[in-house]
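So the chains spell out like this:
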Amino acid sequence: MTQKLDNARKIYMEGIRDGDTNAVHRYTGSRYVQHSTGVKDGQKGFIEFFQNFLERSRQRDIRIVRAFEDGNYVFVHVYQNINNGESQWVTTDMFDTDENDKLVEHWDVISAYKAPEETVSGNDPVLGDFHICDLDKTEENKSIVRKFITDIFQNKNYEHIRKYISEDNYIQHNPSMPNGVDALEKLLTTQKVHYNFVFKIIGQGNHVVTYSKVTINDEELAVFDIFRLEKGRIVEHWDNMEKIPAHKDLVNSGKF
């Protein structure tokens, strides 16, 4: 594990799970720009927000399920169970790091967790196996995902969808979607889904993550998509969506 990835894990495990908000001093750099809803910039903003969170959340089962890095960027996919099931969350986080591998900027999306029996596919929306392979395919896989989003979600060339997604095995972790490429094609042709812009694409080997501003049926959302690829096709997908707050409600520069 590299230092930057270790820093991202530890700010979660020590700073949030274990309740030591001073962890922010150990793992962030000279600046810490914040894009998380309700959290102010800087180390002080982190401490202020999470001191209140820790008072309300005495039992914290927090698990980093998948994590990888790409250049200066680190991504983590996290499950949180608060107060023995009182609330459960899926969190997707992306960090930028400085030349010393300290965290200097943070973006996230948070949504309510649904158990497999509550999802259409029966798949868990976050928990499961994670294995990085095909490290020599990182840039190729990032390019495939970029073309997929541009071609399908922006240019609406739905007839091309099977160029990018496996027809034989497409595992879906969006709680409202069944498995298979046919279900995605039906969604796109019956709902208004548009990726207004893709803010960032990062990847490592067979996993690629995009962070985008998306409009679904006229509602603006911040969306992380996680893709697993095999042999040039997308074979598995997770996502996490959060409504973009109104400008008047922001305490930082916003989701992007």
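Here the structure is shown first, and the text comes after it.
Residues numbered from 1 in each chain as written. Predicted model: local features only at pLDDT ≥ 70, side-chain atom pairs only at ≥ 80, totals over all residues. Heavy atoms only, no water.

## Observations concerning the sheet that holds strand β6 (residues 171-172)
Condition: Should DSSP find at least two bridges between two strands, the strands are taken to pair. Numbering of helices and strands runs from the N terminus; a helix is a DSSP stretch of H or I covering at least four residues, while a strand is a stretch of E covering at least two. Contact criterion: two residues are considered in contact whenever any of their non-hydrogen atoms come within 4.5 Å of each other. Each axis is a line fitted through C-alpha atoms, and for a helix only the stretch in contact is used; angles between axes span 0 to 180 degrees, taken between their N-to-C directions.
Strand order in the open sheet made by the five strands is β6-β10-β9-β8-β7, with mixed pairing throughout. Each edge of the open sheet carries a strand with a single partner, namely β6 and β7 (193-204). Alignment of β6 against strand β10 (residues 233-243), held across two bridges, turns out to be parallel. Paired with Q172 across the two strands is H237, which belongs to β10. Running over the sheet, helix α4 (residues 138-154) touches β7, β8 (207-216), β9 (219-230) and β10 and is turned about 175° from β7.

## Section: the sheet that holds strand β4 (residues 87-97)
Pairing in this open sheet of five strands is mixed, and the strands run β1-β5-β4-β3-β2 from one edge to the other. Only two strands of the sheet have a single neighbouring strand rather than two, namely β1 (28-34) and β2 (60-70). Neighbour-to-neighbour, the strand axes of the sheet open up by a mean angle of 25°, direction not taken into account. Each of β1, β2 and β3 (73-82) touches helix α3 (residues 42-56); the most contacted strand, β1, lies at about 65° to it.

## Considering the packing of aromatic side chains
Convention followed: The rule is short: rings of Phe, Tyr and Trp, with Trp giving its six-membered ring, pair when the centres are within 6.5 Å, and they are stacked under 30 degrees, edge-to-face over 60, tilted in between. A simple rule labels every residue: compare its accessible area, found with a 1.4 Å probe on the protein chains alone, to the largest value its type can have, and call it buried under 20%, exposed over 50%, or partly exposed in between.
Counted according to the given criterion, the structure contains 17 aromatic pairs. Look at Y73 and W107: their rings are 6.3 Å apart centre to centre, the planes differ by 40°, and that puts the pair in the tilted class. Placement of the pair is Y73 in strand β3 and W107 in strand β5 (residues 103-112), with a sequence separation of 34 residues. By relative accessible area, which is 3% here, W107 ends up buried. Each residue in the set F68, Y73, F75, W107, F197, F199, Y211, F224 and F256 is aromatic and connected to the rest through ring pairs, giving one cluster.

## Points about the pattern of salt bridges
The cut-off we apply is this: The working definition used for a salt bridge is a side-chain nitrogen of Lys or Arg within 4 Å of a carboxyl oxygen of Asp or Glu.
Counted by the stated rule, this structure contains 22 salt bridges. For R162, the salt bridge goes to E185, with nearest N and O atoms at 3.3 Å. With R162 in the loop between α4 and β6 and E185 in helix α5 (residues 181-190), the pair connects residues that are 23 residues apart, well separated along the chain. We classify R162 as partly exposed; its relative accessible area is 27%.

## Brief notes about the nonpolar core
Condition: Think of a nonpolar core as a cluster: buried Ala, Val, Leu, Ile, Met, Phe, Trp, Tyr and Cys residues, connected wherever their side-chain atoms sit within 4.5 Å.
Counting 26 residues, the largest nonpolar core has F148, I152, F153, I161, I165, L184 and L188 as its most contacted members. Secondary-structure elements contributing two or more residues to this core are α4, α5, β7, β8 and β9. Among the elements that take part in this core, α4 stands out by supplying six residues, more than any other. Counting residues in each nonpolar core, the second largest holds 24 residues, with A8, I11, F46 and L103 among its members.

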